[in-house]
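# Close look at the chain arrangement
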Amino acid sequence: MELNRYSVINNKNKREIVLLRGNGCKWRKCSFCDYHLDFDNNVYKNYKLNKSVLDNVIGIYKVLEVINSGSFVDLDKDTLMYIKDICVLRKIHTLHFECHWIHRETIPDLKKYFRKYGINVKIKSGIETFDYLFREKYFIKGIPNVHPLEMAKYFDEVCLLFGVKGQTEKSMEMDIHTGLKYFERICINIMTENKTPVKPDKDVIKIFKEKLYKKYQNYENIDILIDNTDFGVG
Ligand code: SF4
């Protein structure tokens, strides 16, 4: 299936978004994720594809989000340089990347590199839930039992994953509150059917839609993807 790799988000948090391809997520164990299958070990082929996707960027909102079904470290150097070139050309001032916890130490250098060109980098990480046991026993996310403050040392934004068995109105709302307390933005993804054994739970999704979606949909710092998951945000 051909993936749509370029899109413009016109509601709150207006931005262009590109889905690029790297050499693959290095964690690859999250129980709910099959996005990490979008990778190729051929650097040249990845760069060629990524360049063609990035050429769509027009800078309409001066904000670009780059996702690649993994972390920015999976992208080749030429692609990273081309992202920089496009940002400079289109006068993009804010650039969002995704990153898994295991690559957190590489974030300062990335931010420093883009800052030289006047580009502010924001890093999003798929935390999915702040409930450590749920996250690690069920989602196998690979993040130790650290306080959200420790996570916020590295990440500006987090993704949360809702709509699976075991979650309740209370647990989802606690995650929303924690996310809002420690991070600039949160992005809520609702589980959809994919190739993994983790299935969306209709009852949990109904609770979310009827109780929490209504309550939080207009929050400026909450993005909600009802019919889509997060492309495997690291
Ligand atoms: S959710 Fe992200 S970190 Fe987890 S396996 Fe998928 S791409 Fe990798």
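Shown above is the structure to which this text applies.
Described in the following lines is the structure provided in the data block.

Let us now look at the nonpolar core. Residues Ile83, Leu95, Phe97, Phe155 and Ile188 are the most contacted members of the largest nonpolar core, which totals 47 residues. The contacts of phenylalanine 155, once residues within four sequence positions are left out, are Cys99, His100, Trp101, Arg104, Ile107, Ile123, Ser125, Ile127 and Phe183. In this structure, Trp27, Cys30, Leu161 and Val164 belong to the second largest nonpolar core, which totals 11 residues.

The next point concerns the pattern of salt bridges. Following the criterion strictly, the structure yields 17 salt bridges and no others. Among the salt bridges present, the one from glutamate 169 reaches lysine 211, with a minimum N-O distance of 3.7 Å. Of this pair, glutamate 169 sits in helix α6 (residues 169-182) while lysine 211 sits in helix α7 (residues 202-216), and the two are 42 residues apart along the sequence. The class for glutamate 169 is partly exposed, based on a relative accessible area of 29%. With a relative accessible area of 44%, lysine 211 lands in the partly exposed category. The closest approach of N and O atoms between lysine 215 and glutamate 173, which form a salt bridge, is 2.7 Å. Of this pair, lysine 215 sits in helix α7 while glutamate 173 is found in helix α6, placing the two residues 42 residues apart along the sequence. Given a relative accessible area of 48%, lysine 215 falls into the partly exposed group. Residue glutamate 173 is classed as buried on the basis of its relative accessible area, which comes to 14%. Salt bridges linked by common partners bring Arg15, Glu65 and Lys124 together as one network.

A few words now on the environment of histidine 96. Within the fold, histidine 96 resides in strand β4 (residues 94-98). With 114 residues separating them in the primary sequence, histidine 96 and glutamate 210 have C-alpha atoms 30 Å apart. In this structure histidine 96 touches Val63, Leu64, Glu65, Val66, Lys122 and Glu157, once residues within four positions along its chain are discounted. In this structure the side chain of histidine 96 is engaged in a polar contact, spanning 3.0 Å, whose partner is the side chain of glutamate 157.

Let us look at empty space enclosed by the protein. Summed over the entire model, instances satisfying the criterion amount to two cavities of 30 Å³ or more. The volume enclosed by the second largest cavity comes to roughly 30 Å³. Taken together, Asn13, Arg15, Glu65, His96, Lys124, Glu157, Arg185 and Asp223 form the lining of the second largest cavity. A class-by-class count of the residues in the lining of the second largest cavity yields no nonpolar, two polar and six charged.

Below, the discussion takes up unusual backbone geometry. In this model, glutamate 128 sits at a positive phi of 70°, which is unusual for a non-glycine residue. Position of glutamate 128 relative to the elements: it lies in strand β5 (residues 120-128). Here glutamate 128 falls in the buried class, since its relative accessible area comes to 0%. Of note in the backbone geometry, isoleucine 140 takes a positive phi value of approximately 50° without being a glycine. Residue position: isoleucine 140 is located in the loop between α4 (132-139) and α5 (148-152).

For strand β6 (residues 157-162), a buried count of six out of six residues is recorded, marking the element as mostly surrounded by other parts of the structure. The two faces of β6 match: Glu157, Cys159 and Leu161 on one face and Val158, Leu160 and Phe162 on the other face are all buried. Of the pairings in the sheet, the one linking β5 to β6 comprises four bridges and is parallel in character. Within the sheet, the bridge partner assigned to glutamate 128 lies in β6 and is leucine 160. Bridge count for β6 against strand β7 (residues 185-190) is six bridges, and the pairing is parallel. Of the residues in β7, the one forming a bridge with valine 158 is isoleucine 186. Handedness of the β-α-β unit built from β6, α6 and β7 comes out right-handed.

Here the focus is the packing of α6 against α7. The relative placement of two packed helices comes down to the angle between their axes together with the axis-to-axis distance. Look at α6 against α7: their axes get within 10 Å of each other, and the N-to-C directions meet at 40°. When the axis of α6 is compared with that of α7, the two are oblique. Considering the relative orientation of α6 and α7, their crossing is right-handed. Residues Glu169, Met172, Glu173, Ile176 and His177 of α6 touch α7, and the partners they reach there are Val204, Ile207, Phe208, Lys211, Leu212, Lys215 and Tyr216. The residue inventory of the contact of α6 with α7, partitioned by class, reads seven nonpolar, one polar and four charged.

How each quantity is defined
Residues numbered from 1 in each chain as written. Predicted model: local features only at pLDDT ≥ 70, side-chain atom pairs only at ≥ 80, totals over all residues. Heavy atoms only, no water. Core = buried A, V, L, I, M, F, W, Y, C linked by side-chain atoms within 4.5 Å. Buried < 20%, exposed > 50% of the residue type's maximum accessible area, 1.4 Å probe, protein only. Contact = heavy atoms within 4.5 Å. Salt bridge = Lys/Arg side-chain N within 4 Å of Asp/Glu carboxyl O. Helix = DSSP H or I, 4+ residues; strand = E, 2+ residues; numbered from the N terminus. Polar contact = N/O pair within 3.5 Å; in protein donor to acceptor, adjacent residues only side chain to side chain. 1 Å grid on protein atoms, 1.4 Å probe; cavity = no way out; pocket = protein on both sides within 12 Å on 5 of 7 lines; lining within 4 Å. Points joined across faces, edges and corners; volume = space filled by probe spheres on them. Nonpolar A, V, L, I, M, F, W, Y, C, P; charged D, E, K, R; others polar. Pairing = 2+ DSSP bridges. Right-handed = clockwise from strand over helix to strand, strands pointing away. Axes fitted to C-alpha atoms, helices over the stretch in contact; angles between N-to-C directions. Parallel < 35°, antiparallel > 145°, perpendicular 65-115°, else oblique. Left-handed = near helix turned anticlockwise from the far one by under 90°.

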